[in-house]
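Each chain, written out:
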Amino acid sequence: MRARCKERSLLFGCAAIGLSLLFGLLSVEIGFRIATGDRYRDLTLNYFPPGSVIYDEVLGWNYRPGYAATWHYFEYAFDVRIDERGLRVDDDPPAPATAPRILFLGDSFTFGVGVDAGQTFVEQTEARLRAAGLVTECLNAGRVGGGTRAARQRLEQLIDATSPTLVIHAFFPENDLADDWLGAAPDAARFTNHGGEPYVNGEPLAAARTTPTGPLFRNSAFYRWLRMRIPGSINLGENPYQGMWFDERLIVPPDWVPAAEALTRAEWAAMQARCEARGAAFAVVLIPSDYDVDDRLWGRIVKRYGVARGHREEGYDRELPFAWAAQAGRDLGIPALNLRPLARAAHARRGEPLYFQHDRHFTAAGHGLAAEAIAGFIQDAGLLPGGA
């Protein structure tokens, strides 16, 4: 009889504990639903929303003139406005017609994914130069992806219409070298024109997109909140750190890396010659990725992605692509600014984050750091009249 009573007491105790835990979790879940709602439910990261682009016979696609919208992601929301030239612009009044123009070419870091136009390093560079007494107009010709070849093609489209005094290519080693190599491949994806809309692989480039997630993520606000705070980047339905991007940091790289470096160097030489023919200066700025700056992040992702490809951390040197680019600039006589040391120093001070944790682009603070360095670089190198 006593044994049965003990069993019942134990069962009731376990049930009570279980119900208490369940009630506690439900209470926490309700609290987080009230506090965060559906903020993290949609993980879709869409750089080509419907209506944002048009077909371009040279580049494959370009931003639609007159396009204006707000782009959303769970880490940010920012306004995008495109002028008649396909440039990203803000609402500030234009500079005087006599002001020197600086044309910025590059990828999504230059475009400024995640921040409003006025927060991009393009616009912040203009503001810092003006504060130093150099009234300039900085033009944002950044576009998502494409590499150096696309930057050179964009230069050809814009240089006569914009008449820049200085052209700056913001080079992002993480994927620009790979883009240059893949873009030159015979089997590279080619865009086709469907009534003015760019299609790639038979699908429209600009389209509504959704990212699949698991049932726990979809249905629990508390779990979503926890998952967002796990160090590193969430899985956006694909590997956010493409294995090929690490190859250029290998001490013994595969054959495609020097071939891509030769392609990039040739594009820089062509851009420099085109600028000289128009009487414009040409310079390069090297943009680091988050793992070029954060040693702990680098260690985690090498273990997760690099080791899976047969390479350990000691087989890499993150400075290699920056050292190569700086040397290529010296060989060609192109001024080059490497932002990696400055970004590493700022990260070590543990100030405001320079990168979004999951999207991995510059935050407003990252753009501010880049703008301060670029403005100083322009003045120190005498790249503008009266700037030395």
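Up top is the structure these notes are about.
Scope of this entry: the structure provided in the associated data block. The structure presented is a predicted model; accordingly, all values stated were derived computationally and were not measured. (Residues numbered from 1 in each chain as written. Predicted model: local features only at pLDDT ≥ 70, side-chain atom pairs only at ≥ 80, totals over all residues. Heavy atoms only, no water.)

**A short note on the sheet that holds strand β11 (residues 281-286)**
At step 1: Spatially, five strands are ordered β6-β5-β7-β11-β12 in an open sheet, and the strand pairing comes out parallel. In the strand order of this sheet, the two ends are held by β6 (137-140) and β12 (336-338), each with one partner. Strand-to-strand, the axes of this sheet are offset by a mean angle of 20°, without reference to chain direction.
At step 2: With four bridges joining them, strand β5 (residues 101-106) and β6 adopt parallel strand pairing. Bridged to Arg101 within β6 is Glu137.
At step 3: Contacts from helix α3 (residues 121-131) reach β5, β6 and β7 (166-171), with the element oriented near 175° to β6. (Pairing = 2+ DSSP bridges. Helix = DSSP H or I, 4+ residues; strand = E, 2+ residues; numbered from the N terminus. Axes fitted to C-alpha atoms, helices over the stretch in contact; angles between N-to-C directions. Contact = heavy atoms within 4.5 Å.)

**Details of a nonpolar patch on the surface**
At step 1: On the surface, a nonpolar cluster with roughly 540 Å² of combined accessible area is contributed by Leu19, Leu22, Leu26, Ile30 and Ile34.
At step 2: Structurally, Leu22 is set in helix α1 (residues 2-36). (Patch = residues over 30% accessible without salt bridge, like charges linked within 9 Å, V, L, I, M, F, W, Y side chains within 5 Å. Areas by Shrake-Rupley, 256 points an atom, 1.4 Å probe, with all protein chains shown as cover. Salt bridge = Lys/Arg side-chain N within 4 Å of Asp/Glu carboxyl O.)

**So, the nonpolar core**
At step 1: Core analysis: the biggest nonpolar cluster contains 38 residues, and Leu103, Leu105, Leu155, Trp268 and Phe282 have the highest contact counts within it.
At step 2: Broken down by secondary-structure element, the contributors of at least two residues to this core are β5, α4 (147-162), β7, α5 (173-183), α8 (256-277), β11, α10 (295-306) and α11 (320-332).
At step 3: Broken down by element, this core gets its largest block of residues, six residues, from α8.
At step 4: Each residue touching Leu103, except ones within four places of it in the same chain, is listed here: Leu139, Ala141, Leu155, Leu158, Thr162, Pro164, Leu166, Val167 and Ile168.
At step 5: Formed by 32 residues, the second largest nonpolar core is a distinct cluster that contains Val122, Leu337, Ala373 and Phe377. (Core = buried A, V, L, I, M, F, W, Y, C linked by side-chain atoms within 4.5 Å. Buried < 20%, exposed > 50% of the residue type's maximum accessible area, 1.4 Å probe, protein only.)

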